[in-house]
Amino acid sequence: MGWQMRQLLYSATWLGILIFGCLPSYIHSEVPIKKAERQNGLLSFLFVGDTSFGEKYQNEIENRGGMNVLRTKGNQYSIKNFSQILGQADLVIANLETPLTNLPFLSPLEGKKPAILWSDPSKTLDTFRKNNISVVSLANNHTLDYGIRGLEQTLNALRNYDIQWLGAGFDESAAARPLRFDYLLAGQPFQLVIAAGFGYWKSYDKKYDFYAKGGKAGTNVWTVARASEQIRSIRQ
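Not measured: the values here are computed from a predicted model. (Residues numbered from 1 in each chain as written. Predicted model: local features only at pLDDT ≥ 70, side-chain atom pairs only at ≥ 80, totals over all residues. Heavy atoms only, no water.)

Q: Quick rundown of the pairing of strand β8 (residues 179-185)? Include the residues and the values.
A: With respect to burial, β8 is a largely interior element, 6 of its 7 residues being buried. As defined by bridge partners, β8 adjoins strand β9 (residues 188-195) across 7 bridges and the pair is classed as antiparallel. For Leu184, the partnering residue across the bridge sits in β9 and is Pro189. Linking β8 back to β9 in an antiparallel pair, the connection comprises 2 residues, with Ala186 at a positive phi of about 50 degrees. (Buried < 20%, exposed > 50% of the residue type's maximum accessible area, 1.4 Å probe, protein only. Helix = DSSP H or I, 4+ residues; strand = E, 2+ residues; numbered from the N terminus. Pairing = 2+ DSSP bridges.)

Q: Before we move on, can you summarise helix α6 (residues 147-160) with the specific residues and values?
A: With 14 residues, α6 extends 20 Å between its outermost C-alpha atoms, agreeing within 8% with the 20 Å of an ideal straight helix rising 1.5 Å per residue. Within the span of α6, buried status applies to Gly147, Gly150, Leu151, Gln153, Thr154, Leu155, Ala157 and Leu158. On the buried face of α6, the contacting elements are β4 (91-96), α5 (121-130), β5 (135-137), β6 (164-166), β7 (168-169) and β11 (218-219). Downstream of α6 by one or two residues, Asp162 has phi in the positive range, about 55 degrees. (Expected span 1.5 Å × (residues − 1). Contact = heavy atoms within 4.5 Å.)

Q: Outline the environment of Gly167, supporting the account with residue identities and numerical values.
A: Residue placement: Gly167 occurs in the loop between β6 and β7. Through-space distance from the C-alpha of Gly167 to that of Pro178 is 7.9 Å; in sequence the pair is 11 residues apart. Excluding residues that lie within four positions of it along the chain, Gly167 makes contacts with Leu138, Ala139, Ala175, Ala196, Thr219 and Asn220.

What follows is the structure, encoded as structure tokens:
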């Protein structure tokens, strides 16, 4: 594998997203397949980077006597300048850089992991739905900040709001599963497949236990070799 391809895959693991267009093969997905038809042959896909509303940081500011923007102005305030571009896309995929949880317990990683994030499930996903965000990647370094119970609440919340996800699951197979979207562009079939993985880091494996393995829940782990293997399996 050439240097450029290695750099692409390493970058993709941090973004948590790779896309494949015009694939002839059938891609298994347990979520509904979105279908759309465009007579002009144009589609727009918008990939959004690390996305959360920063409840942890806003609370810390408030505790120091500052203004909690989320409490005073709401979630929409921080995203309003992007609403138009989000609304214009045919498909918006965001990297959800936080678990969605209001569980009344300390994170199992408290005192071990430097930054532990969380976001309010209802307020976050209400804002997502209002702004056309319909798919999220969970392949990142915060998805399991509240352990398996936090992941369970995250997936339940996404399901309740009809937002599709990839990059994490309750076992290794579910975490690695790609999403497929079928379109007709000027009468011609077009297939978009999205796969997501979180790059391998020893600390997230041995210390934080983030990665899905066998029947254990977690994020889809990507090394260059594993990402290449998953891409090949998609193309077959």
